[in-house]
Number of protein chains: 2
Amino acid sequence: MARRAAPVLHRDNPDKEPLSGHVKVTPEDWLNVARDLLVSEGVAGVKVLAIGERLGVSRSSFYWYFKSRKHLLEALLDDWEARNTAPILDHCDLPAANISWAVCNFFRCFVDPDLFDASLDFAVREWSRRDGKVRNRIDAADAQRLAAVTAMYERHGYSAYEAEARARILYFMQCGYHALEVREPMQARTARLEGYLLGFTGVHPDPEAVAAARAFAQGKMPR
Amino acid sequence: MARRAAPVLHRDNPDKEPLSGHVKVTPEDWLNVARDLLVSEGVAGVKVLAIGERLGVSRSSFYWYFKSRKHLLEALLDDWEARNTAPILDHCDLPAANISWAVCNFFRCFVDPDLFDASLDFAVREWSRRDGKVRNRIDAADAQRLAAVTAMYERHGYSAYEAEARARILYFMQCGYHALEVREPMQARTARLEGYLLGFTGVHPDPEAVAAARAFAQGKMPR
DNA sequence: ATTTCTCTGGACAAGACTGTCCAGGATCGC
DNA sequence: GCGATCCTGGACAGTCTTGTCCAGAGAAAT
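Procedures and definitions
Residues numbered from 1 in each chain as written. Chains lettered and ligands numbered in written order. Predicted model: local features only at pLDDT ≥ 70, side-chain atom pairs only at ≥ 80, totals over all residues. Heavy atoms only, no water. Helix = DSSP H or I, 4+ residues; strand = E, 2+ residues; numbered from the N terminus. Contact = heavy atoms within 4.5 Å. Areas by Shrake-Rupley, 256 points an atom, 1.4 Å probe, with all protein chains shown as cover. Phe/Tyr/Trp six-rings, centres within 6.5 Å; stacked < 30°, edge-to-face > 60°. Buried < 20%, exposed > 50% of the residue type's maximum accessible area, 1.4 Å probe, protein only. Lys NZ or Arg CZ within 6 Å of the ring centre and 35° of its normal. Salt bridge = Lys/Arg side-chain N within 4 Å of Asp/Glu carboxyl O. Axes fitted to C-alpha atoms, helices over the stretch in contact; angles between N-to-C directions. Parallel < 35°, antiparallel > 145°, perpendicular 65-115°, else oblique. Left-handed = near helix turned anticlockwise from the far one by under 90°. Nonpolar A, V, L, I, M, F, W, Y, C, P; charged D, E, K, R; others polar. Arc of directions from axis to C-beta. pLDDT = per-residue confidence, 0-100.

Draft legend 1. Main features of the overall build of chain A. Of regular secondary structure, chain A possesses 11 helices and 0 strands. Along chain A, from the amino end to the carboxyl end, the secondary structure elements read α-α-α-α-α-α-α-α-α-α-α. When contacts within chain A are restricted to residue pairs at least 6 apart in sequence, long-range pairs at least 24 apart make up 62% of them. Accessible area for chain A stands at about 11000 Å²; split by element, carbon and sulfur atoms hold 53% of it.

This is the structure we're talking about:
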């Protein structure tokens, strides 16, 4: 009896469009729902049955696309890394007239959900507490991001020592904000940036920081 | 057949010493191990069987002390609230010569695990993402803590607006630090405080901030 | 010593989840 | 059309979990 080949992660023809006119799912469908569940329920909530139900598909169909739940989780981790690493590094490298605008650039990542999925980031962070491999990967990501912010401060004239301290304040504060899942309207959030910039640039009142923060809060983007 | 009364949360004589010379557990034992598991494994890891095994006791014994797993979780939440709320508020209210020392006082909570159990705090925070009731309680705790830090800045001469901004920077940064579970020796941690204080007080170099941070890093306590 | 109360262990039922096996419908290449 | 291949549904086994029931050991009360 000719049995099928061992299940693979992706179909043999991944570039092909989904087969027309019939209810079928793709590995991406499984992955997307899995990501949703990871964010909303935690890694323990990423259950094969739950995903299948939401897709309207039998549970056993899953094992055609993924070898096991463990392989799905690995794919999920790769997916996260591909999404949430680059945007922060890119925005730190953006040219800016002064440090206040540079900080605004950094903030922009965390304000725009298309640029950086904070919920996903924290779901992975939570997951990392229970899995050493995940922990290592997110540690590497944090190190990269901190290095990028530090370099940003250094480009604007801060010493290595002070650049690192301010980078940590900035990045940790932003992570803390998301860790606490502060619930406030976007307007309140951007309005607070002025205060933050004052806190960061320190010399109060700093006309440059005030101008940058007010403009940013009104939707103007740097440069 | 005379059956026992319905299981209660605590024994009828809670003030009495544990029965001598015999292996018995107390509700506190169950609670302590449950707290450990909450921190290390997350709320999903708080399993009756796992706790019982670590106590060297049968699983069914649990149901003598607690009505159900749900009741254990409620007790766990009360326990957290009793531990981690007061210390921060107290340390924010401590008298300090200047704002730098006041910030040092605040940092002291987060440096000393006896004063504030950050791991427990974040375990509860993670738990709150999946449970609305937990979420409400931790939101209230965050609001109280932020208000205390804000009041601290105001007592040292900052305007209400700037006090709130700096309080948020300070508290969020600290939470972010713990959310990322930065792994570094205590020495490196306190040594960085100087940089942080510079960042917070802003006017650089600020002799007061430098003096406070250096003294604090060397183990000297405020006042 | 006897009774009563407190607490534990073992057996049981029920439900949730993972992973396997296989029949067979749907679709594609020819 | 027709065979080969892709994909799904249903049944099954095995494991882990919570919660119940009850016999009975051990300490305390009398």
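Additional details are given in the paragraphs that follow.
Draft legend 2. Quick peek at the packing of aromatic side chains. Under the criterion given, the structure shown has 18 aromatic pairs over all chains. Measuring from ring centre to ring centre gives 6.5 Å for Tyr-171 of chain B and Phe-172 of chain B, while their planes differ by 40°; the resulting arrangement is tilted. On the basis of relative accessible area, Phe-172 of chain B is assigned to the buried category, the value being 1%. Counting every residue linked through ring pairs, the aromatic cluster contains Trp-30, Phe-62, Tyr-63 and Phe-66 of chain A. Lying across the ring of Phe-122 of chain A, Arg-125 of chain A places its NZ or CZ 5.3 Å from the centre.

Draft legend 3. Highlighting the pattern of salt bridges. Here the structure, examined in full by the defined rule, presents 30 salt bridges over all chains. For Asp-78 of chain A, the salt bridge goes to Arg-137 of chain A, with nearest N and O atoms at 3.0 Å. Note that Asp-78 of chain A is positioned in helix 4 (residues 69-84) and Arg-137 of chain A in helix 8 (residues 132-155), a separation of 59 residues in sequence. Since its relative accessible area comes to 43%, Asp-78 of chain A is described here as partly exposed. For Arg-137 of chain A, a relative accessible area of 25% corresponds to the partly exposed category. For Arg-137 of chain B, the salt bridge is made with Glu-81 of chain B, and the minimal N-O distance between the two is 2.9 Å. Here Glu-81 of chain B lies in helix 4 (residues 69-84) and Arg-137 of chain B lies in helix 8 (residues 132-155), a separation of 56 residues in the sequence. Residues participating in the shared-partner salt-bridge network are Glu-126 and Glu-181 of chain A together with Arg-129, Arg-130, Arg-135 and Asp-139 of chain B.

Draft legend 4. Geometry of the packing of helix 5 (residues 86-93) of chain B against helix 6 (residues 99-111) of chain B. Residue and element names in this part refer to chain B. Contact pair helix 5 / helix 6: the axes reach a minimum separation of 8 Å and the direction vectors enclose 155°. Between helix 5 and helix 6, the interaxial angle falls into the category roughly antiparallel. Note that helix 5 runs across helix 6; the crossing there is right-handed. Within the contact between the two elements, helix 5 uses Pro-87, Ile-88, His-91 and Cys-92 and helix 6 uses Asn-105, Phe-106, Arg-108, Cys-109 and Phe-110. A per-class count over the contact of helix 5 with helix 6 returns 6 nonpolar, 2 polar and 1 charged.

Draft legend 5. Spatial organisation of the environment of Ala-151 of chain A. Tracing the sequence through the fold places Ala-151 of chain A in helix 8. Between the C-alpha atoms of Ala-151 of chain A and Ala-167 of chain A, which are 16 residues apart in sequence, the distance is 8.7 Å.

Draft legend 6. Spatial organisation of helix 2 (residues 48-55) of chain B. Residues and elements named next belong to chain B. Of all the positions in helix 2, only Val-48, Ile-51 and Gly-52 are classed as buried. For helix 2, the arc enclosing every buried residue in end-on projection is 100°, short of the 170-degree limit, so these residues lie on one face. Here the buried face of helix 2 lies against helix 1 (27-41), helix 3 (62-65) and helix 4. Trailing helix 2 by a residue or two, Gly-56 shows a phi angle of about 70°, which is positive.

Draft legend 7. Layout of the side chain of Arg-125 of chain A. Along the chain, Arg-125 of chain A falls in helix 7 (residues 118-128). Among residues more than four places away in sequence, those in contact with Arg-125 of chain A are Ile-138, Asp-142, Arg-145 and Tyr-171 of chain A together with Ala-179 and Leu-180 of chain B.

Draft legend 8. Region of interest: helix 5 (residues 86-93) of chain A. Residues Pro-87, Ile-88, Leu-89, His-91 and Cys-92 of chain A constitute the buried set of helix 5 of chain A. Where helix 5 of chain A is buried, its residues touch helix 4, helix 6 (99-111) and helix 8 of chain A.

Draft legend 9. Structural view of unusual backbone geometry. Residues and elements named next belong to chain A. Here the phi dihedral of Glu-181 falls at roughly 50°; this positive angle occurs in a residue that is not glycine. Among the structural elements, Glu-181 can be located in the loop between helix 9 (160-179) and helix 10 (186-201). With relative accessibility at 29%, the residue Glu-181 sits in the partly exposed group.

Draft legend 10. Molecular detail of the environment of Leu-76 of chain B. All names here are of chain B. Residue placement: Leu-76 occurs in helix 4. Along the sequence, Leu-76 and Leu-38 sit 38 residues apart, while their C-alpha atoms lie 8.9 Å from each other. The contacts of Leu-76, once residues within four sequence positions are left out, are Leu-31, Ala-34, Arg-35, Leu-38 and Val-46.

Draft legend 11. Highlighting the packing of helix 4 of chain A against helix 8 of chain A. Residue and element names in this part refer to chain A. Orientation of helix 4 relative to helix 8, taken along the N-to-C sense of each, is 5°, at an axis distance of 12 Å. Between helix 4 and helix 8, the crossing angle belongs to the class labelled roughly parallel. Across the interface between the two elements, Leu-77, Asp-78, Trp-80, Glu-81 and Asn-84 from helix 4 touch Val-134, Arg-137, Ile-138, Ala-141 and Arg-145 from helix 8. Class assignment of the residues belonging to the contact of helix 4 with helix 8 gives a composition of 5 nonpolar, 1 polar and 4 charged.

Draft legend 12. Highlighting the confidence of the model for chain A. All names here are of chain A. Mean pLDDT over chain A: 79, with 73% of residues reaching 70 or higher. With pLDDT under 50 throughout, residues 1-22 is counted as low confidence; its partners more than four residues away or in other chains account for 18 contacts. A low-confidence stretch, residues 201-205 stays under pLDDT 50, and its non-local contacts, those more than four residues away or across chains, total 15 contacts.

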